[in-house]
Amino acid sequence: MFLPHPRFELSSPDEDAAEPFAALTNGPFALGGKRMRNLTTLTGALLVTVSMTAMASADTIRFWTTEEQPERLAIQEQMAATFAEQTGHEVQVIPVSESELGTRATAAFAANDLPDVIYHTLQYVLPWAEAGILDVETNDEIVQELGADTFQAGAVAMAQFDGSTAAVPVDGWTQMIVYRKDLFDEAGLEAPDSYADITAAIEALHNPPDMYGFVAATKVDENFMSQVLEHVFLANGVSPVGADGFAPLDEAATLEVLDFYKALAEASPPGELFWQQSRELYFSGNAAMIIWSPFILDELAGLRDSAPPTINDDPTSAELASKTDVVTTFSGPSNPDGAAWADVRYFGVTADANTDVAAEFVKFSMDEGYLDTLSIAPEGKFPVRTGTADDPNKFVDGWAQLPVGVDRKAPLSDVYPAETVARITGGLETAARWGVTEGQLSLASKMINSQIINRIVRQYIDGELDGAAAVAQMNEELGAID
């Protein structure tokens, strides 16, 4: 979901949340003091010189990560150990709660005590670049050295600052239309990748209560509705922000959005609907389409006991997964190219970094260590770097082989066909969010969190407002946010 931009207010920095990563102690850079004192003066002087030279090239950097669960930390610490073995440089892996990241980074910046590398969300890229927290030049150089064309274009585009890539894209995920491909094939329907194809599928498949054409989010106070609506607006090229701040919604294009979403709601069960009902109805075989995050992919395959498919009597069955396909990018009539809603994470080398070692660690984590980076949570970490110049699909293919699931494990490539895996990751090419390219993500976040759009869309669905009045009211209320 969207979170507001951090407010750059000074506060006391917290203590590091974890003990520094234990470095190698028996390697060539760990010369013991007793051994030195027992050497002759000449030999001692020589070894001191060698030792000082070695230590000058072996440094320790600090890495802040919001992946703080114990099993995820263990993977990152093992990566740090591998990096230390290869380079002699130590990496202190320091967990930081995502909710505290903005405050801690601001305080550390004020104290000239930033860590060398931060793993962070999209919301911080532009404000941290503007504030000088990120070393934009170094981050851009890393992307160029790895090969900008080996990254998903959308993830790079969302990190642009004054013509440079302000942070290094690491991983991301895209919201998806999850649909019953078996039913679509039987009815001769096109994949639901446009307003028109989705409404055509609803007309053909909607047969309640046995089969709902869609399960739309209608519970106004749920962030899930905000996230779904943003995707639907983006698909038709509609945004409430521009480069100068609030941008009035285009009436014609917004009416198309409203009419489309009303059709989704009318094809849904009655009631206050959010993620829970959409998943339950799809899992029971009573919904043809839903919008969900990729964290549903392992559940569809019966790999998570807490959310089993109920389409048959076997909660571990992969039957529903075999009947499912996904769409990440879809379009409206006013935006034929369409859009995908994406959440992307980045590595940021900071202004206080040991630049060379920090850059080396990031490049390691994005190249030979990249599949380890993705293995931290493969179902929610799509590869934003697809491969290398010599092997363009190396990381996508490798990611598809990583095991997903909780109570049982299986690679996505064992559950879904290669075409589906390609669509899952391909949405990052057209990844978008309100306010990113305009430099207005903070304002857009305030608008989303206000739930003004949710409320007025629901009023339109319920017949309390006509289309023109709904657009006018959204413009009036959104325009008052600053």
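Computed from a predicted structure; not experimentally measured.

Enquirer: How should I be thinking about the confidence of the model for the protein in this particular structure?
Expert: Parts of the model with low pLDDT should not have their predicted coordinates read in detail. For the protein, per-residue confidence averages 89 on the pLDDT scale, and residues scoring 70 or more make up 88% of the total. Confidence over residues 1-56 falls short of pLDDT 50; this stretch has 77 contacts with residues more than four positions distant or in other chains.

Enquirer: So what exactly am I meant to see when it comes to helix α4 (residues 101-110) here?
Expert: Since the α-helix turns once every 3.6 residues, residues separated by three or four places project in the same direction. Across the 10 residues of α4, 7 count as buried, placing the element largely inside the fold. Residues of α4 that are buried: Leu 101, Gly 102, Arg 104, Ala 105, Thr 106, Ala 107 and Ala 108. Contact partners of the buried residues in α4: β1 (60-65), β2 (90-95), β3 (117-121) and α5 (125-131). Asn 112 lies just past α4 and shows a positive phi near 55°.

Enquirer: Mind showing me how you'd approach the sheet that holds strand β7 (residues 176-180) here?
Expert: Across a sheet, paired strands are connected by hydrogen bonds in the backbone, their directions being either parallel or antiparallel. In spatial order, the strands read β10-β7-β11; together these 3 strands make up an open sheet with antiparallel pairing. The open sheet has two edge strands with one neighbour each: β10 (289-292) and β11 (324-327). Going from strand to strand, the sheet's axes swing by 30° on average, the running direction of each strand aside. Relative to β11, β7 is paired through 4 bridges, and the arrangement is antiparallel. Bridge pairing links Arg 180 to Thr 324 in β11. Taken strand by strand, helix α19 (residues 418-426) contacts β7 and β11, and its axis lies near 30° from that of β11.

Enquirer: Whenever I open this one, the environment of Ala 80 confuses me. Can you help?
Expert: Looking at the element boundaries, Ala 80 is found in helix α3 (residues 70-87). Judged by its relative accessible area of 0%, Ala 80 falls in the buried class. Remark: the alpha-carbon pair of Ala 80 and Phe 63, spanning 17 residues in sequence, is separated by 9.6 Å.

Enquirer: Help me out: how do you make sense of the side chain of Ser 268 in this one?
Expert: Residue position: Ser 268 is located in the loop between α11 (251-266) and α12 (275-283). A distance of 2.8 Å separates a polar atom in the side chain of Ser 268 from the backbone nitrogen of Ala 216. In this structure Ser 268 touches Tyr 212, Phe 214, Val 215, Ala 216 and Leu 273, once residues within four positions along its chain are discounted.

Enquirer: Please explain unusual backbone geometry as it appears in this structure.
Expert: With the exception of glycine, most residues fall at negative phi, and the peptide bonds are largely trans. Here Pro 208 and Pro 209 are connected by a cis peptide whose omega angle stands at 0°. Assignment of secondary structure puts Pro 209 in the loop between α9 (195-205) and α10 (223-235). Not every positive phi belongs to a glycine, and Gln 451 is a case in point at roughly 60°. Here Gln 451 shows up in the loop between α20 (441-450) and α21 (452-461).

Enquirer: How should the packing of α21 against helix α22 (residues 467-479) be read in this particular structure?
Expert: To characterise two packed helices, one gives the angle between the axes of the helices and the distance between these axes. For the pair α21 and α22, the least separation of the axes is 10 Å and the interaxial angle reads 165°. What the angle tells us is that α21 and α22 run roughly antiparallel. Crossing of α21 over α22 shows right-handed handedness. Facing Ile 452, Ile 453, Arg 455, Ile 456, Gln 459 and Tyr 460 of α21, the residues of α22 in contact are Gly 467, Ala 470, Gln 473, Met 474, Glu 477 and Leu 478.

Enquirer: What is the right way to read the pattern of salt bridges from this model?
Expert: Opposite charge on two side chains permits them to pair, given that their charged atoms come into close proximity. Within the structure shown, the criterion is met by 21 salt bridges. Ionic pairing is found between Glu 67 and Lys 381, a salt bridge with its closest N-O pair at 2.8 Å. One end of the pair, Glu 67, is in the loop between β1 and α3; the other, Lys 381, is in the loop between α16 (370-374) and β14 (382-383), with 314 residues separating them in the sequence. Each member of the pair, Glu 67 as well as Lys 381, is classed as buried. Across the salt bridge formed by Arg 345 and Asp 343, the nearest N and O atoms sit 3.1 Å from each other. A single burial state applies to Arg 345 and to Asp 343, both of which are buried. One network of salt bridges, in which partners are shared, links Glu 67, Arg 72, Asp 171 and Lys 381.

Enquirer: Explain α9 here, please?
Expert: Taken together, the buried positions of α9 are Tyr 195, Ile 198, Ala 201, Ile 202 and Leu 205. Along α9, the residues classed as buried sweep out an arc of 130° about the axis, all on the same side. Exposed side chains of α9 directed beyond 90 degrees from the buried face belong to Ala 196 and Glu 203. The elements touched by buried residues of α9 are β7, α8 (181-187), α10, α11, β10 and β12 (330-332).

Enquirer: Please explain the pairing of β2 as it appears in this structure.
Expert: Successive residues of a regular strand alternate their side chains across the two faces of the sheet. β2 sits mainly inside the fold: 5 of its 6 residues count as buried. Pairing between β1 and β2: 6 bridges, direction parallel. The partner of Thr 60 across the bridge, within β2, is Glu 90.

Enquirer: I tried to follow the packing of aromatic side chains on my own but got confused; where do I start?
Expert: Tallied over the full model, the rule gives 16 aromatic pairs. The interplanar angle of 70° and the centroid separation of 5.3 Å between the aromatic rings of Phe 83 and Phe 361 together place this pair among those described as edge-to-face. Note that Phe 83 is positioned in helix α3 and Phe 361 in helix α15 (residues 355-365), a separation of 278 residues in sequence. The exposure classification of Phe 83 matches that of Phe 361, with both residues buried. Ring centres of Phe 274 and Trp 275 lie 5.8 Å apart, and the angle between their planes is 80°; on these two criteria the pair is classed as edge-to-face.

Enquirer: Help me understand the side chain of Gln 175 in this model?
Expert: Mapped onto the secondary structure, Gln 175 falls in the loop between β6 (168-174) and β7. Looking at Gln 175, its side chain comes within polar contact range of the side chain of Gln 227, at 3.0 Å. At 3.2 Å, the side chain of Gln 175 and the side chain of His 231 are in polar contact. What Gln 175 contacts, discounting residues up to four positions off in sequence, is Gln 227, Val 228, His 231, Ile 291, Trp 292, Val 327, Thr 328 and Trp 341.

Thresholds, definitions, all that
Each chain has its residues counted from 1, following the order in which its sequence is written. With pLDDT at 70 or above as the cut-off, local features in this predicted model cover only qualifying residues; side-chain atom pairs require 80 or more to be listed or tallied, and sums for whole chains, interfaces and linings still use all residues. Computation of side-chain values covers all heavy atoms of the structure but excludes hydrogens and water. Think of pLDDT as the predictor's per-residue confidence, scored from 0 to 100. Here, residues are in contact when the closest pair of their heavy atoms is within 4.5 Å. Accessibility here uses a 1.4 Å probe with only protein chains present; expressed as a share of the type maximum, an area under 20% marks a residue as buried, one over 50% as exposed, and anything in between as partly exposed. By the criteria applied, helices consist of DSSP H or I runs no shorter than four residues and strands consist of E runs no shorter than two, each listed in order from the N terminus. Two strands make a pair as long as DSSP finds a minimum of two bridges between them. Each axis is a line fitted through C-alpha atoms, taken for helices only over the stretch in contact, and angles between the N-to-C directions span 0 to 180 degrees. Each polar contact in these results corresponds to two N or O atoms within 3.5 Å; when the atoms are within protein, one needs to be able to donate a hydrogen and the other to accept it, and residues that are neighboring in sequence are counted only if both atoms are side-chain atoms. Should an angle lie under 35 degrees it is considered roughly parallel, over 145 roughly antiparallel, and from 65 to 115 roughly perpendicular; all remaining angles are considered oblique. Should the near helix be turned counterclockwise from the far one by less than a right angle, the crossing is left-handed, whereas a clockwise turn marks it as right-handed. Salt bridge criterion: a side-chain nitrogen from Lys or Arg within 4 Å of a carboxyl oxygen from Asp or Glu. Arc, as used here, means the arc of the directions from the helix axis to the C-beta atoms. Two aromatic rings from Phe, Tyr or Trp, using only the six-membered ring of Trp, form a pair when their centres are within 6.5 Å; if the ring planes differ by under 30 degrees the pair is stacked, by over 60 it is edge-to-face, and anything between is tilted.

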